[in-house]
Amino acid sequence: MTAQQENSANHHSGSRENWSARSGFIMAAIGSAVGLGNIWRFPYVAFENGGGAFLVPYLIALFTAGLPLLFLDYAIGHKYHGAPPAAYGRLYKPASSLGWWQVMVSLAISVYYAAVLAWAARYMLFSVGQEWGEDTEQFLFSTYLDASKGLDFGIVPHLFYGLLIVWAFVMLILYGGVKKGVELSNRIFMPLLFLLFGVLVIKAIRLPGAEVGLNAFFTPDWNAMWNPKVWLAAYGHIFFSLSVGFGIMVTYASYLKPRTNLTGSGMVVGFANSSFEVLAGIGVFAALGFMAQASGVEVKEVVSSGVGLAFVVFPKIISSMGSGGDVFGVLFFASLVVAGITSMVSILEVPICAFQDTLGWSRTKAVTLVCGGAAVISVLLFSTRSSIALVDLVDHFANNIGIVLGALASIVLVSWFKRPLLKNLEAHVNEVSTIRLGRGWEWMLTFVTPAVLLVSLVLVVVKLAREGYGDYPMVMQWGFGWGTVALFFLGAVLLNRLRKETDQ
Ligand code: PFF
């Protein structure tokens with residue numbers, strides 16, 4: 001590291017806000033990690049990839065890729081005190097554009113994530129009286145989303161207002177800053193989530209037929225372990241689940257005080273996140289078992305993930321419970337909202353902090369301009385009749401290309417391209433942490449994580465090139481799928497210029 005880099009790494013901490021205590025950081029990092037992914041993604045991925053046997057590749061992926069990358073993100077954010085553009089820029093000057101890439105990915109995710117949160121919040125109210133009626137699929141697509149097959153920018157008023165409320169709420173938290181906004185909201189929402197979800201799981205396992213679902217979920221299919229796809233699924237899930245490679249953990253770690261145990265905190269976050277995933281698997285499959293038994297079909301006939309699980313299957317489950325289902329519904333959708341809000345806050349913290357770092361904006365100005373801008377785009381695009389199609393497209397491209405490419409670039413930079421940086425980061429972590437990093441950590445980051453990320457990326461791109469994504473019209477796939485990726489590149493180049501001009 002040059003003297004100049006060392007200098008900028010050290011003196012930038014002065015005016016930055018800090019967490020009030022390490023527990024505040026841990027709570028916020030858990031709040032980010034525990035999101036919709038834990039509730040609606042993990043149970044399905046585990047079920048599809050060997051059930052109980054999936055825990056083996058999952059835990060191996062956690063220890064060989066998830067935690068090593070989490071430690072890398074922490075190390076970069078903590079040592080270089082900044083959101084990704086400033087932190088990567090101090091690490092290696094040209095890498096600030098990689099930071100802006102992550103900022104763009106975060107913005108893209110935030111605009112559609114808000115829509116899903118708004119739906120979940122509305123469904124929490126629909127649960128009272130089970131307003132979706134008999135046909136939950138028709139209710140979701142026709143009645144609530146008023147969805148069109150093709151591109152249709154007609155605004156659906158109730159979706160519009162829902163999105164406004166979500167953005168106003170999230171911005172209110174963010175205006176509060178690191179301590180009084182992000183930290184405080186996580187200190188309230190995380191215990192609340194564990195309470196809500198805990199009651200939900202207890203109710204679920206007491207339903208008749210719950211054991212059928214739990215058997216389906218946990219019964220191990222050991223043959224699955226010989227299938228490379230299962231391993232890829234485990235690695236793919238763990239990156240997303242721990243919120244690594246988004247720039248979120250770099251940003252959150254930048255608010256830590258100088259002497260903070262980094263690896264110890266990471267282990268707590270990883271353990272809490274994985275425990276919540278397993279708990280969600282139990283809750284979701286107990287409920288699925290109940291419905292499968294009530295309708296005389298097998299669990300595999302009713303299982304699904306994502307939007308389908310939350311907004312079509314769960315309403316059905318709730319309805320089969322009779323009037324007692326109302327409370328179950330409120331608990332389920334409230335859990336989604338609470339888990340999602342804390343993840344949304346974390347992802348917006350990336351661009352907010354990036355603009356504060358780079359342009360010296362105040363907190364209020366950064367929140368107003370960054371979130372205000374994102375909110376306008378979010379409300380205009382995601383309250384239209386095409387909302388669900390756009391959510392699906394942007395989600396697929398941002399997660400499978402945006403995050404993966406950003407994570408891969410950051411790892412290759414430190415473990416291959418600028419190897420001494422990896423040693424510096426390791427020394428930094430070891431100076432402050434209880435669990436020390438060594439050869440094992442270096443090997444994981446040099447071989448295992450880049451290999452897995454590269455293989456996933458190539459497979460995804462080849463598949464997209466051959467088959468496209470879903471059966472959306474080509475104009476939508478290009479405009480909102482590849483178009484989103486093009487925006488990431490554009491942002492990485494243009495916003496990086498902004499930084500350079502202000503530097504001079
Ligand atoms: N770890 C989060 C989850 O499992 O849902 C991933 C995430 C998604 C974080 C979206 C932040 C976000 F805005």
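Just above sits the structure.
Presented here is an overview of the structure given in this document. Quick caveat, the model's predicted, so the values are computed rather than measured. (Residues numbered from 1 in each chain as written. Predicted model: local features only at pLDDT ≥ 70, side-chain atom pairs only at ≥ 80, totals over all residues. Heavy atoms only, no water.)

**Brief notes about the overall build of the protein**
Now for step 1: Along its length, the protein carries 21 helices and zero strands.
Now for step 2: Taking 23 Å as the expected radius of gyration for a compact globule of 504 residues, we find that the protein reaches 22 Å, a close match to that expectation.
Now for step 3: For the protein, the spread of C-alpha atoms along the three principal axes comes to 70 × 50 × 45 Å.
Now for step 4: Taking all 504 residues of the protein together, 59% fall into the buried category.
Now for step 5: Within the structure as shown, the protein displays about 19,500 Å² of accessible surface, and the carbon and sulfur contribution to it stands at 65%.
Now for step 6: On the protein, the mean spot of the 31 positive side-chain charges and the mean spot of the 28 negative ones are 12 Å from each other. (Helix = DSSP H or I, 4+ residues; strand = E, 2+ residues; numbered from the N terminus. Rg over C-alpha atoms; globule rule 2.2 N^0.38 Å. Buried < 20%, exposed > 50% of the residue type's maximum accessible area, 1.4 Å probe, protein only. Areas by Shrake-Rupley, 256 points an atom, 1.4 Å probe, with all protein chains shown as cover. Lys, Arg positive; Asp, Glu negative; His and termini not counted. Charge placed at Lys NZ, Arg CZ, Asp CG, Glu CD.)

**Some remarks on the site of the ligand**
Now for step 1: Lining the immediate environment of the ligand, one finds 15 residues, of which Ala33, Gly37, Phe240, Ser241 and Ser243 sit closest.
Now for step 2: Between Ser241 and the ligand, the recorded distance is 3.0 Å, taken from a backbone N or O atom to a nitrogen atom.
Now for step 3: For the ligand, whose accessible area on its own is 340 Å², the fraction buried by protein is 99%.
Now for step 4: Here the residues of the shell around the ligand are counted per class, giving eight nonpolar, seven polar and no charged. (Near = heavy atom within 4 Å. Polar contact = N/O pair within 3.5 Å; in protein donor to acceptor, adjacent residues only side chain to side chain. Nonpolar A, V, L, I, M, F, W, Y, C, P; charged D, E, K, R; others polar.)

**Some thoughts on empty space enclosed by the protein**
Now for step 1: Under the criterion given, the structure shown has two cavities of 30 Å³ or more.
Now for step 2: Taken as a whole, the largest cavity encloses approximately 50 Å³ of empty space.
Now for step 3: As for the largest cavity, its lining consists of Phe42, Ala46, Gly51, Gly52, Phe54, Leu55, Phe217, Phe218 and Val278.
Now for step 4: Mapped onto the lining of the largest cavity, the elements with two or more residues apiece are α3 (36–48) and α10 (210–218).
Now for step 5: Partitioning the lining of the largest cavity into residue classes produces seven nonpolar, two polar and no charged.
Now for step 6: Roughly 30 Å³ of internal volume is contained in the second largest cavity. (1 Å grid on protein atoms, 1.4 Å probe; cavity = no way out; pocket = protein on both sides within 12 Å on 5 of 7 lines; lining within 4 Å. Points joined across faces, edges and corners; volume = space filled by probe spheres on them.)

**Describing the layout of surface pockets**
Now for step 1: The space that makes up the second largest pocket amounts to roughly 460 Å³.
Now for step 2: Of all the secondary-structure elements, those providing two or more residues to the lining of the second largest pocket are α6 (96–127), α17 (363–382) and α21 (474–503).
Now for step 3: By residue class, the composition of the lining of the second largest pocket is 18 nonpolar, five polar and no charged.

**Quick word on the nonpolar core**
Now for step 1: Ranked by internal contacts, the top residues of the largest apolar core, which has 189 residues, are Leu72, Trp119, Trp167 and Phe311.
Now for step 2: Looking at which element gives the most residues to this core, the answer is α6, with 21 residues.
Now for step 3: Beyond its immediate chain neighbours, meaning those up to four positions away, Leu72 contacts Ile411, Val414, Leu422, Leu425, Trp441 and Leu445. (Core = buried A, V, L, I, M, F, W, Y, C linked by side-chain atoms within 4.5 Å. Contact = heavy atoms within 4.5 Å.)

**Looking at the packing of aromatic side chains**
Now for step 1: Taken as a whole and assessed by the stated rule, the structure comprises 39 aromatic pairs.
Now for step 2: Taken together through their ring pairs, the aromatic side chains of Trp119, Tyr123, Phe126, Trp132, Phe139, Tyr144, Phe311, Phe314, Phe328, Phe332 and Phe333 make up a single cluster.
Now for step 3: Taking the ring centre of Phe240 as reference, the NZ or CZ of Arg41 above it sits at 5.6 Å.
Now for step 4: Sitting over the face of the ring of Phe417, Lys418 holds its NZ or CZ atom 5.9 Å from the ring centroid. (Phe/Tyr/Trp six-rings, centres within 6.5 Å; stacked < 30°, edge-to-face > 60°. Lys NZ or Arg CZ within 6 Å of the ring centre and 35° of its normal.)

**A short note on the pattern of salt bridges**
Now for step 1: This model, assessed by the stated rule, comprises nine salt bridges.
Now for step 2: Two residues, Lys463 and Glu467, come together in a salt bridge whose shortest N-O distance is 3.9 Å. Taken as a pair, Lys463 and Glu467 lie in helix α20 (residues 439–467) at a separation of four residues, close to a single helical turn.
Now for step 3: Look at Glu467 and you get exposed, because its relative accessible area is 55%.
Now for step 4: Within this structure, Asp146, Asp152 and Arg385 form a network of salt bridges that share partners. (Salt bridge = Lys/Arg side-chain N within 4 Å of Asp/Glu carboxyl O.)

**Section: a nonpolar patch on the surface**
Now for step 1: Together, Leu55, Leu59, Phe63, Met267 and Ile435 make up an exposed nonpolar region whose accessible area comes to about 410 Å².
Now for step 2: In terms of residue count, helix α4 (residues 55–80) provides more of the nonpolar patch than any other element does, three residues in total.
Now for step 3: Structurally, the position occupied by Met267 is in helix α13 (residues 262–294). (Patch = residues over 30% accessible without salt bridge, like charges linked within 9 Å, V, L, I, M, F, W, Y side chains within 5 Å.)

**A few points about helix α18 (residues 387–417)**
Now for step 1: Residue Ala398 marks the point of greatest curvature in α18, where the axis turns by about 35°.
Now for step 2: With 23 of 31 residues buried, α18 is to be regarded as a mostly interior element. (Bend = angle between axes of the 7 residues up to and from the residue.)

**Looking at the side chain of Arg16**
Now for step 1: Following the sequence through the fold, Arg16 ends up in the loop between α1 (3–11) and α2 (22–33).
Now for step 2: If we skip the residues at most four places from it in the chain, Arg16 touches His81, Gly82, Ser254, Tyr255, Cys353 and Asp357.

**Section: the packing of helix α15 (residues 306–320) against helix α16 (residues 325–359)**
Now for step 1: One can describe the packing of α15 onto α16 by two numbers: an axis separation of 9 Å at closest approach and a directional angle of 155°. Classed by the angle they form, the pair α15 and α16 counts as roughly antiparallel. By crossing handedness, the relation of α15 to α16 is classed as right-handed. Contacts between α15 and α16 pair Ala310, Phe311, Phe314, Pro315 and Ile318 from the former with Gly325, Asp326, Phe328, Gly329, Phe332, Phe333 and Leu336 from the latter. (Axes fitted to C-alpha atoms, helices over the stretch in contact; angles between N-to-C directions. Parallel < 35°, antiparallel > 145°, perpendicular 65-115°, else oblique. Left-handed = near helix turned anticlockwise from the far one by under 90°.)

**Regarding the environment of Phe54**
Now for step 1: Structurally, the position occupied by Phe54 is in the loop between α3 and α4.
Now for step 2: The buried category is assigned to Phe54, whose relative accessible area is 0%.
Now for step 3: Along the backbone, Phe54 and Tyr472 are 418 residues apart, and their C-alpha atoms lie at a distance of 32 Å.
Now for step 4: Those residues in contact with Phe54, other than ones at most four positions away along the chain, are Phe42, Val45, Ala46, Asn49, Val230, Ala233 and Ala234.

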